[in-house]
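Working through the structure, step by step
Spelled out, the chains give:
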Amino acid sequence: MLVVQKYGGTSVGTLERIEAVAKRVAKTRKEGNDVVVVVSAMSGETNKLISYAEHFSKSPQQREMDMLLSSGERVTSALLAIALSELGYPAIGMTGRQAGIRTDKSHTKARIENIDRKCIEKKLAEGKIVVVAGFQGITELGEVSTLGRGGSDLSAVAIAGALEADLCEIYTDVDGVYTTDPRIEPKAQKLEKISYDEMLELASLGAKVLQTRSVEMAKKLNVNLVTRSSFNDNEGTLITKEENIMEQPVVSGVALDRNQARVTLRGVTDKPGIAAEIFRKLASENINVDMIIQNVGHDGTTNLGFTVPQNELEMTKDAMLNLNASQSVEYDSDIVKVSIVGVGMKSHSGVACKAFDTLSAEGINLEMISTSEIKISMVIAAKYGELAVRALHAAYELDK
Ligand code: ADP
Ligand code: ASP
Ligand code: MG
């Protein structure tokens, strides 16, 4: 078998843990498998590097951020290769570039365009364990790029897809995907399986156990994806096609996204083309707009609200300044988005009503709502985030 294993920041967070990872990888190799390992930076390292850059500048050049941040994963890939060789298992550390990972030019959130599988295959053919630095690639112009926070998951899935690996294991500090973040609700239950679509929603709505784009890629390339713990041998969670899951609960999970901010434009001229102009501007700045609400117009003007990731709020403010589309603009970072996700919602009614009832019983006001076929998201005051997660988790009996 060809197995791709990805180890996250906590799993390689100390030298002792890197040693433990080396032993786990060695065991997989000893069982007769070809192994490609993808590693994250040691936990806290990426944040530390960001804070270094912020010491000098509020908006450092994104190219330099990629030079800086990619170094964290490079350290762990070399250390793990050294540790493996010492255990008697020949290994080679590779940067994104050396592993043939080509991306587009959008620094700090680059997309993988293709992977030259020969780069890794050549080293595997030499009998080596290949240890790839996650989270990074190279642009057409030979510039280092990174794939967005949590991007090592994407590196692993993309490599597994390109090499047609039999299995892609994501090792982290929880032993699978739970009904909600077990740090918020200790009664959360581990899921044996979850569909790509549900996982995609959970990830994009704040469950950081897998990076959103990695799930997208796994679905597209049909990668056999498993998340499990690097600290024990418990069986993890399989992320798979919907038809492989027999029982579909109405709600599979609850997610909390703390990285949201709301923008409210008051007194927007109520005529065709205005919304298009506003969102065209935001799109051209590569800002990820999420929920959008427009009020019923009155006296020729209307109010327009939308959410953006908190770390894109400064860019959003700049974009709004130059636009002059409304009489006033307000910004609020003191909000969170809580969501419920489940493919079973497609065939059940009353799911939304129950969510609204549950939050109102806790005295929580809904500030924005959006729904799709398999999710309901609600924006609420930040201070109620965890309470809302626990209340919804209980209301849909996810603790059973
Ligand atoms: P890594 O560093 O290994 O990539 P992350 O910190 O990115 O790990 O992701 C693992 C964390 O995701 C867990 O510690 C957990 O707190 C959080 N998490 C959020 N939602 C969920 C969920 N539904 N199931 C499991 N973990 C979750
Ligand atoms: N080190 C990067 C981050 O912290 C990438 C990753 O861990 O997946 O976002
Ligand atoms: Mg992660």
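Shown above is the structure to which this text applies.
Residues numbered from 1 in each chain as written. Chains lettered and ligands numbered in written order. Predicted model: local features only at pLDDT ≥ 70, side-chain atom pairs only at ≥ 80, totals over all residues. Heavy atoms only, no water.

Some words on the overall build of the chain
Note the threshold: Secondary structure elements are defined from DSSP: runs of H or I of at least 4 residues count as helices, runs of E of at least 2 residues count as strands, and each element is numbered from the N terminus. Throughout, radius of gyration means the C-alpha value; the globule benchmark is 2.2 Å times the number of residues raised to the power 0.38. Exposed residues in this analysis have more than 50% of their type's maximum accessible area, buried residues have under 20%, and partly exposed residues fall in between, with area computed by a 1.4 Å probe over protein chains only. Working rule for contacts: check all heavy atoms of both residues, and any pair within 4.5 Å makes them a contact. Accessible surface is estimated by sampling points in the Shrake-Rupley manner with a 1.4 Å probe; for residues, cover comes only from the protein chains shown.
Looking only at helices and strands, one finds 11 helices and 20 strands in the chain. On C-alpha atoms alone, the chain measures out to a radius of gyration of 22 Å, which is about the 21 Å that the 2.2 N^0.38 rule sets for 400 residues. Principal-axis analysis of the C-alpha atoms places the extent of the chain at approximately 75 × 50 × 35 Å. For the chain, buried positions account for 51% of its 400 residues. Relative to all contacts within the chain whose residues are 6 or more apart in sequence, the contacts with residues 24 or more apart total 74%. Accessible surface for the chain amounts to roughly 18900 Å². Of this, 48% is attributable to carbon and sulfur atoms.

Observations regarding the nonpolar core
Where we set the bar: By nonpolar core is meant a set of buried Ala, Val, Leu, Ile, Met, Phe, Trp, Tyr and Cys residues that side-chain atoms within 4.5 Å join together.
Val4, Val36, Ile120, Val132, Ile159, Cys168 and Met199 are the most contacted members of the largest nonpolar core, which has 45 residues in total. When residues of this core are assigned to their parent elements, the largest contribution, seven residues, is made by helix H5 (residues 152-162). Membership of the second largest hydrophobic core comes to 20 residues, among which are Val254, Ile364, Ile380 and Tyr396.

Topic: unusual backbone geometry
For threonine 108, which is not a glycine, the phi torsion comes out positive at approximately 70°. By the secondary structure assignment, threonine 108 is in the loop between strand E4 (101-103) and strand E5 (112-115). Of note, glutamate 397 is a non-glycine position whose phi angle comes to about 55°, a positive value. By secondary structure assignment, the location of glutamate 397 is in the segment after helix H11 (385-395). We classify glutamate 397 as exposed; its relative accessible area is 51%.

Regarding the site of ligand 1
Rules: Here a residue counts as near a molecule or strand whenever at least one of its heavy atoms sits within 4 Å of it. Definition of a polar contact: a pair of N or O atoms within 3.5 Å, with one able to donate and the other able to accept a hydrogen when the atoms are protein atoms, and with sequence-neighbouring residues admitted only if both atoms are side-chain atoms. Only Asp, Glu, Lys and Arg are considered charged, only Ala, Val, Leu, Ile, Met, Phe, Trp, Tyr, Cys and Pro nonpolar, and every remaining residue, Gly among them, polar.
Around ligand 1, the structure places 16 residues, and the nearest of them are Thr172, Asp173, Tyr178, Asp181 and Arg183. One of the side-chain nitrogen or oxygen atoms of threonine 172 is found 2.7 Å away from an oxygen atom of ligand 1. Aspartate 173 is positioned such that a nitrogen or oxygen atom in its side chain is 2.8 Å from an oxygen atom of ligand 1. Within the shell around ligand 1, the residues separate by chemical class into six nonpolar, five polar and five charged.

Here we look at the packing of aromatic side chains
For clarity, the cut-off: Working definition: rings of Phe, Tyr and Trp (its six-membered ring) pair if their centres are within 6.5 Å, and the pair is stacked with planes under 30 degrees apart, edge-to-face with planes over 60 apart, and tilted otherwise. Only lysine NZ and arginine CZ atoms are considered, and such an atom sits over a ring when it is within 6 Å of the ring centre and within 35 degrees of the ring normal.
Counted under the stated rule, the structure contains two aromatic pairs. Ring geometry for tyrosine 7 against tyrosine 171: centres 4.7 Å apart, planes inclined by 10°, an arrangement best described as stacked. With a gap of 164 residues between them, tyrosine 7 in strand E1 (residues 2-7) and tyrosine 171 in strand E9 (residues 167-172) connect regions that are remote in the sequence. Summarising the burial analysis for this pair, tyrosine 7 and tyrosine 171 share the class buried. Considering the side-chain rings of phenylalanine 279 and phenylalanine 306, the 5.4 Å spacing of their centres and the 75° angle between planes classify their relative orientation as edge-to-face. With phenylalanine 279 in helix H8 (residues 274-284) and phenylalanine 306 in strand E16 (residues 301-309), the pair connects residues that are 27 residues apart, well separated along the chain. The class for phenylalanine 279 is buried, based on a relative accessible area of 19%. The ring of tyrosine 331 carries lysine 317 above its face, with NZ or CZ at 5.2 Å from the centroid.

Observations regarding the packing of H5 against helix H7 (residues 212-221)
Here is the rule we go by: Geometry is summarised by axes, namely lines fitted to C-alpha atoms with helices restricted to the contacting stretch, and by angles between N-to-C directions that run from 0 to 180 degrees. Roughly parallel means an angle under 35 degrees; roughly antiparallel, over 145; roughly perpendicular, 65 to 115; everything else is oblique. Note: crossing handedness is left-handed where the near helix turns anticlockwise from the far helix by less than a right angle, and right-handed where it turns clockwise.
Where H5 contacts H7, the two axes come as close as 8 Å, and the packing angle between them is 10°. As far as their axial angle goes, H7 and H5 are roughly parallel. H7 is crossed by H5, and the crossing has left-handed handedness. Of H7, the residues touching H5 (which contributes Asp153, Leu154, Val157, Ala158 and Gly161) are Arg213, Ser214, Met217, Ala218 and Leu221. Across the contact of H5 with H7, the residue classes break down as six nonpolar, two polar and two charged.

Quick notes on the side chain of glutamate 73
Applicable threshold: None of His or the chain ends enter the tally, which takes Lys and Arg as positive and Asp and Glu as negative. One speaks of a salt bridge when a side-chain nitrogen belonging to Lys or Arg is within 4 Å of a carboxyl oxygen belonging to Asp or Glu.
In this fold, glutamate 73 is placed in helix H3 (residues 62-86). Lysine 6 provides the closest opposite charge to the buried, salt-bridge-free glutamate 73, at an N-O distance of 7.9 Å.

Describing the packing of helix H6 (residues 196-204) against H7
Packed helix pairs are characterised by how far apart their axes lie and by the angle those axes make with each other. Running from N to C, H6 and H7 point in directions that differ by 165°, and their axes come no closer than 8 Å. Relative to H7, the element H6 lies roughly antiparallel. Taken as a pair, H6 and H7 cross one another with a handedness that is left-handed. Note on element contacts: H7 touches H6 through Thr212, Val215, Glu216, Ala218 and Lys219, opposite Tyr196, Asp197, Met199, Leu200, Ala203 and Ser204. Among the residues making up the contact of H6 with H7, the classes are represented as six nonpolar, two polar and three charged.

Everything listed is a geometric property; what it means functionally is a separate question.
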